[in-house]
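Residue-level listing of the chains:
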Amino acid sequence: GPWTSGHGNLRLFAGYIHWNPSDRYVGAGGQSLLPDGSLPQPGDRVPLGADTDGAQLLHQQWYLDMWFGVLDNFDVTLFLPVVRTEFTDDANLDGFETVGFGDPIVGVLVRVIENLALSMDLKIPGTTVPRTSTELPISEGQFDLTLREQAGVSFGGSGWSGWATLDMGYRLRFTFSEILP
């Protein structure tokens, strides 16, 4: 939201995400017959494991989100994820697992007026996995620059409080080859 931490204050948020999808989208060249004999087309949504003998994907992420008030209306931010991704199927009993740092995000938040702020975040590629590896990628492998306007309002009454925010922005996405020689 559009609220900064205030000069010298540190805000910390910790969280956990557990994701175990039950379906996937077919990519180009990735089609194989489904158990009913049909051939899915690129872009079709199919059950995960329907064409790979019981495949399962598990994605877990622990993260720490930090905000530090450099000035009353200016924060620096840091988002640090640790990711664990595991894939198993009946054809590969050992499965594949990768654990490492995901893509960290550094940024700034500037409060322009009381309920309006502008922010800029840079996502930096974290742990990379070679394409020939049996490990699963835990990084998107690209830089993202996100520019955002954040507006919000706080409200509450006796014994309760809440807030509503509206974020609008634009994300610029760059691959390694567009940034590094």
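## Overview of a nonpolar patch on the surface
- A contiguous nonpolar patch, built from Leu10, Leu12, Phe68, Val70, Leu71 and Val76 and spanning about 500 Å² of accessible area, is present on the exposed surface.
- Elements supplying a minimum of two residues to the nonpolar patch: strand E1 (10–19) and strand E4 (56–71).
- With respect to the helices, strands and loops of the structure, Leu12 is situated in strand E1.

## Structural notes on the confidence of the model for the chain
- Looking at the chain as a whole, the pLDDT averages 81, with 76% of positions reaching at least 70.
- Of all secondary-structure elements in the chain, the lowest mean pLDDT belongs to helix H1 (residues 176–179), at 54, while strand E7 (residues 105–113) reaches the highest, 95.

## Notes on the packing of aromatic side chains
- Using the criterion set out here, one finds 3 aromatic pairs in the structure.
- Ring plane angle 45° and centroid distance 5.3 Å describe the contact between Tyr16 and Trp62, whose orientation is recorded as tilted. In this pair, Tyr16 sits in strand E1 while Trp62 sits in strand E4, placing the two residues 46 residues apart along the sequence.
- By relative accessible area, Trp62 is classed as partly exposed at 39%.
- Ring geometry for Tyr63 against Phe79: centres 5.3 Å apart, planes inclined by 35°, an arrangement best described as tilted. Highlighted residues: Tyr63 in strand E4 and Phe79 in strand E5 (residues 74–89), separated in sequence by 16 residues.
- Take Tyr63: its relative accessible area is 26%, and that puts it in the partly exposed class.
- Here the basic side chain of Arg11 rests over the ring of Trp67, its NZ or CZ set 4.5 Å away from the ring centre.

The rules behind each value
Within each chain, residues carry numbers counting from 1 in the order of the written sequence. In view of the model being predicted, local features appear only for residues whose pLDDT reaches at least 70, and side-chain atom pairs are presented and counted only at 80 or more, with totals across whole chains, interfaces and linings using the full set of residues. Hydrogen atoms and water are omitted, and side-chain values are computed over all heavy atoms in the structure. Nonpolar side chains (Val, Leu, Ile, Met, Phe, Trp, Tyr) are joined into patches within 5 Å and like charges within 9 Å, using only residues with over 30% relative accessible area and no salt bridge. Areas reported as accessible are Shrake-Rupley estimates using a 1.4 Å probe. Residue values count occlusion only from the protein chains shown. Should a side-chain nitrogen of Lys or Arg be within 4 Å of a carboxyl oxygen of Asp or Glu, the pair is scored as a salt bridge. In this description a helix means any DSSP run of H or I spanning at least four residues, a strand means any run of E spanning at least two, and both kinds are numbered starting from the N terminus. How sure the predictor is of each residue is captured by pLDDT, a score from 0 to 100. What counts as a ring pair is set by centres within 6.5 Å for rings of Phe, Tyr and Trp (its six-membered ring), and what kind of pair is set by the plane angle: stacked under 30 degrees, edge-to-face over 60, tilted for all other angles. Exposure is judged per residue with a 1.4 Å probe applied to protein chains only, and the accessible area is read against the type maximum: over 50% gives exposed, under 20% gives buried, and values in between give partly exposed. Criterion for a charge above a ring: Arg CZ or Lys NZ at most 6 Å from the ring centre, at most 35 degrees from the ring normal.

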